[in-house]
Amino acid sequence: MREYAIAAIPADGIGPEVIAAGITVLASLEKRLGDIKFNIENFDWGSDYYKKYGVMMPSDGLNQLKKFDAIYFGAVGAPDVPDHITLWGLRLPICQGFDQYANVRPTRILPGITPPLRNCGPGDLDWVIVRENSEGEYSGHGGRAHKGLPEEVGTEVAIFTRVGVTRIMRYAFKLAQARPRKFLTVVTKSNAQRHGMVMWDEIAAEVAEEFPDVTWDKMLVDAMTVRMTLNPRSLDTIVATNLHADILSDLAGALAGSLGVAPTANIDPERRYPSMFEPIHGSAFDITGKGIANPVATFWTAVQMLDHLGETDASARLMRAVERVTGAGILTPDIGGTATTKEVTEAVVDAIYSSN
Ligand code: NAI
Ligand code: MG
């Protein structure tokens, strides 16, 4: 029996709804396969915890998480707590504290899902976006002076280090190399941002020499939105900065049909710390408690988690089950269906049990 310790942090809004669905599906994989076991511990951190204790997680939170093999995360954000508090109080400290510097976001059009682009069906859009997840525009560097006065100043400094850029480039080239097309697009804004972004381009060219079998090209981030929309087949693996990839991956999620299906993995490639797996979407106040949150992103990120743990049979089985269910038209309203979270979850569980 192979056992894995998983820390579940459902947090806010629809987070608990989709993480509960994910845990149900993991339990059915356990039963179906018989040789793996997930020891899942639940953490009640998030905005309710903040309202009680004034912090999003306890001060020794990272220490408590350290011993786990992976973290399964829902979403943070509450209507009555400022977003920078929820984000910087929970999700970002985990990403940064555990040096999860590679944020990996696969996007594909799943069977049964009608994407917003005409003439774009399954197979026409199959991307993995690699987002630098430890520095760049979200390094937290900056400050405010003369608060509230007419001469008030706010700075938000983007930090690019040679170590940080080299390691994400290497990760992206390696990932591109492992995919059939062996093709990487490096995104920057090195025309307008002439320091850090020019360094980014130079390091890309240096790292490219280590991967002679990977073809690569460069795009400016604004032009990239056009290429993603008008020529999705021309892309495969994509690497971009923290901010750029944050924006591009929301676009990618929308082009694939819905944010509700888009997963993400925050990876420490050196495996010094647990990596964290989550749906891309937020806490979706508008549908919280209605029972219609799409659990597919949370299932897909479980696929990424299983891959990371080396459980490739379980991960392939789960992905097939999800695709069978979407292909059968069992979809939540965000992707044009009428099914509830529970119905989609039960259908995926059935597909896991009935698969051979
Ligand atoms: P959001 O992702 O929560 O929702 C955007 C839209 O997509 C909403 O209409 C929502 O109903 C829909 N949606 C999202 N996930 C869905 C799902 N699984 N099934 C069906 N529909 C889904 O983004 P929004 O509204 O900008 O932010 C709400 C809160 O979430 C804010 O507090 C924000 O800071 C936080 N947030 C947290 C993230 C995280 O924890 N990683 C990421 C993005 C936002
Ligand atoms: Mg985002």
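Residues numbered from 1 in each chain as written. Chains lettered and ligands numbered in written order. Predicted model: local features only at pLDDT ≥ 70, side-chain atom pairs only at ≥ 80, totals over all residues.

Going by an unreviewed UniProt entry, the chain carries the name D-malate dehydrogenase [decarboxylating] and comes from Phyllobacterium zundukense. UniProt, in the comment section headed Function (unreviewed entry), describes the chain in these words: "Has multiple catalytic activities. Apart from catalyzing the oxidation of (+)-tartrate to oxaloglycolate, also converts meso-tartrate to D-glycerate and catalyzes the oxidative decarboxylation of D-malate to pyruvate." The annotation that UniProt attaches to the chain under Sequence similarities (unreviewed entry) is "Belongs to the isocitrate and isopropylmalate dehydrogenases family." (UniProt positions renumbered as here; feature names shortened; annotations may be inferred.)

A.B. asks: Would you mind showing me how to read the overall build of the chain here?
C.D. replies: Counting secondary structure elements, the chain contains eleven helices and twelve strands. What you see for the chain is a C-alpha radius of gyration of 20 Å, in line with the 21 Å of a compact globule of 356 residues. In terms of overall dimensions, the chain has a C-alpha envelope of 55 × 50 × 40 Å along the principal axes. Residue pairs at least 24 apart in sequence account for 76% of intrachain contacts in the chain once pairs closer than 6 positions are excluded. (Helix = DSSP H or I, 4+ residues; strand = E, 2+ residues; numbered from the N terminus. Rg over C-alpha atoms; globule rule 2.2 N^0.38 Å. Contact = placed C-beta atoms within 7 Å.)

A.B. asks: It is not clear to me how the domain arrangement of the chain should be interpreted in this structure. Could you clarify?
C.D. replies: Interface size, as often reported, equals the accessible area lost upon joining of the parts. Each domain of the chain was delimited in the assignment, giving domain 1 (1–101 + 264–356) and domain 2 (126–255). Measuring from the centre of the C-alpha atoms in domain 1 to the corresponding centre in domain 2 gives 25 Å. Contact residues are listed per partner, giving eight residues for domain 1 and nine residues for domain 2. (Domains from an automatic or database assignment.)

A.B. asks: Help me understand the site of ligand 1, please; the structure alone is not making it clear to me.
C.D. replies: The immediate surroundings of ligand 1 are formed by 21 residues, with Gly77, Gly260, His281, Gly282 and Asn294 found nearest. Partitioning the shell around ligand 1 into residue classes produces ten nonpolar, seven polar and four charged. (Near = placed C-beta within 6 Å. Nonpolar A, V, L, I, M, F, W, Y, C, P; charged D, E, K, R; others polar.)

A.B. asks: Explanation requested: the nonpolar core in the structure shown.
C.D. replies: The nonpolar side chains of a soluble globular protein tend to be buried, and buried together. Ile71, Val239, Leu318 and Val348 are the most contacted members of the largest nonpolar core, which has 101 residues in total. When we break this core down by domain, the ones giving at least three residues each are domain 1 (1–101 + 264–356) and domain 2 (126–255). Setting aside anything within four residues of it in sequence, one finds Leu318 in contact with Val25, Leu29, Phe299, Ala302, Val303, Leu306 and Ile352. (Core = buried A, V, L, I, M, F, W, Y, C linked by C-beta atoms within 7 Å. Buried ≥ 20, exposed ≤ 12 C-beta atoms within 10 Å, placed from the backbone.)

A.B. asks: How do you make sense of the pairing of strand 5 (residues 126–132) when you look at a structure like this?
C.D. replies: The two faces of a sheet get side chains in turn, since along a regular strand they alternate between them. Of all seven residues that make up strand 5, six are buried, and the element is covered over most of its length. Sheet topology places strand 5 next to strand 10 (residues 237–240); four bridges connect them, and they run parallel. Its bridge partner being in strand 10, Arg131 is matched across the sheet by Ala240. (Pairing = 2+ DSSP bridges.)

A.B. asks: What is the right way to read the sheet that holds strand 2 (residues 36–42) from this model?
C.D. replies: Note: strands within a sheet are paired through backbone hydrogen bonds, in either parallel or antiparallel orientation. The mixed open sheet is built from ten strands, whose spatial order is 2-1-3-12-11-4-5-10-8-9. Pairing within the sheet leaves two strands with one partner each, and these edge strands are strand 2 and strand 9 (215–220). Adjacent strand axes in the sheet meet at a mean angle of 25 degrees, parallel and antiparallel pairs treated alike. Of the pairings in the sheet, the one linking strand 1 (residues 2–11) to strand 2 comprises seven bridges and is parallel in character. Looking across to strand 2, one finds that Tyr4 is bridged to Phe38. (Axes fitted to C-alpha atoms, helices over the stretch in contact; angles between N-to-C directions.)

A.B. asks: Help me out: how do you make sense of helix 7 (residues 221–230) in this one?
C.D. replies: For an α-helix, 3.6 residues make a turn, and residues three or four places apart therefore share a direction. Along helix 7, the residues classified as buried are Val221, Met224 and Met228. For helix 7, the arc enclosing every buried residue in end-on projection is 35 degrees, short of the 170-degree limit, so these residues lie on one face. What points out from helix 7, more than 90 degrees from its buried face, is the exposed set Asp222, Ala223, Val226 and Leu230. Considering only its buried residues, helix 7 is in contact with strand 8 (183–188), strand 9, strand 10 and helix 8 (242–255). (Arc of directions from axis to C-beta.)

A.B. asks: How do you make sense of the environment of Arg167 when you look at a structure like this?
C.D. replies: Mapped onto the secondary structure, Arg167 falls in helix 5 (residues 162–178). On a C-alpha basis, the gap between Arg167 and Lys51 in space is 38 Å, while along the polypeptide they are 116 residues apart.

A.B. asks: Which parts of the structure should I look at to understand unusual backbone geometry?
C.D. replies: The general pattern is negative phi for most residues beyond glycine and trans for most peptide bonds. Within the chain, Ala11 stands out as a residue other than glycine whose phi angle is a positive 60 degrees. Relative to the helices and strands, Ala11 is located in strand 1. Under the C-beta neighbour-count criterion, Ala11 is labelled buried, with 29 such atoms within 10 Å. Phi at Arg271 takes a positive value of approximately 60 degrees, unusual for a residue other than glycine. Tracing the chain through its elements places Arg271 in the loop between strand 11 (263–267) and strand 12 (275–279).

A.B. asks: What's the story with the environment of Ala178 in this structure? I'm lost.
C.D. replies: Mapped onto the fold, Ala178 is located in helix 5. It is 30 Å that separates the C-alpha atoms of Ala178 and Ile335, two residues lying 157 residues apart in sequence.

A.B. asks: Honestly, helix 10 (residues 312–327) in this entry has me stumped. Any pointers?
C.D. replies: A rise of 1.5 Å per residue sets the reference length of helix 10, with its 16 residues, at 22 Å; its end C-alpha atoms lie 22 Å apart and thus fit the reference within 8%. All buried positions along helix 10 are accounted for by Ala314, Ser315, Arg317, Leu318, Ala321, Val322, Val325 and Thr326. Seen end-on, helix 10 carries its buried residues on one side only, within an arc spanning 165 degrees. Tucked into the core, helix 10 has its buried residues touching helix 1 (15–33), strand 2, helix 9 (296–308) and helix 11 (341–354). Downstream of helix 10 by a residue or two, Gly329 has a phi angle that is positive, lying close to 80 degrees. (Expected span 1.5 Å × (residues − 1).)

A.B. asks: What should I look at first to understand the pairing of strand 10 in this one?
C.D. replies: Side-chain alternation along strand 10 places Thr237 and Val239 on one buried face and Ile238 and Ala240 on a second face that is also buried. Note that strand 8 and strand 10 share three bridges and pair parallel. Paired with Leu184 across the strands is Thr237, a residue of strand 10.

A.B. asks: Teacher, can you tell me more about the environment of Ala158 here?
C.D. replies: With respect to the secondary-structure elements, Ala158 resides in strand 7 (residues 153–159). Linking Ala158 and Ala256, residues 98 residues apart in sequence, is a C-alpha distance of 30 Å. Once you skip the residues sitting within four places of it in the chain, Ala158 turns out to touch Gly136, Glu137 and Gly196.

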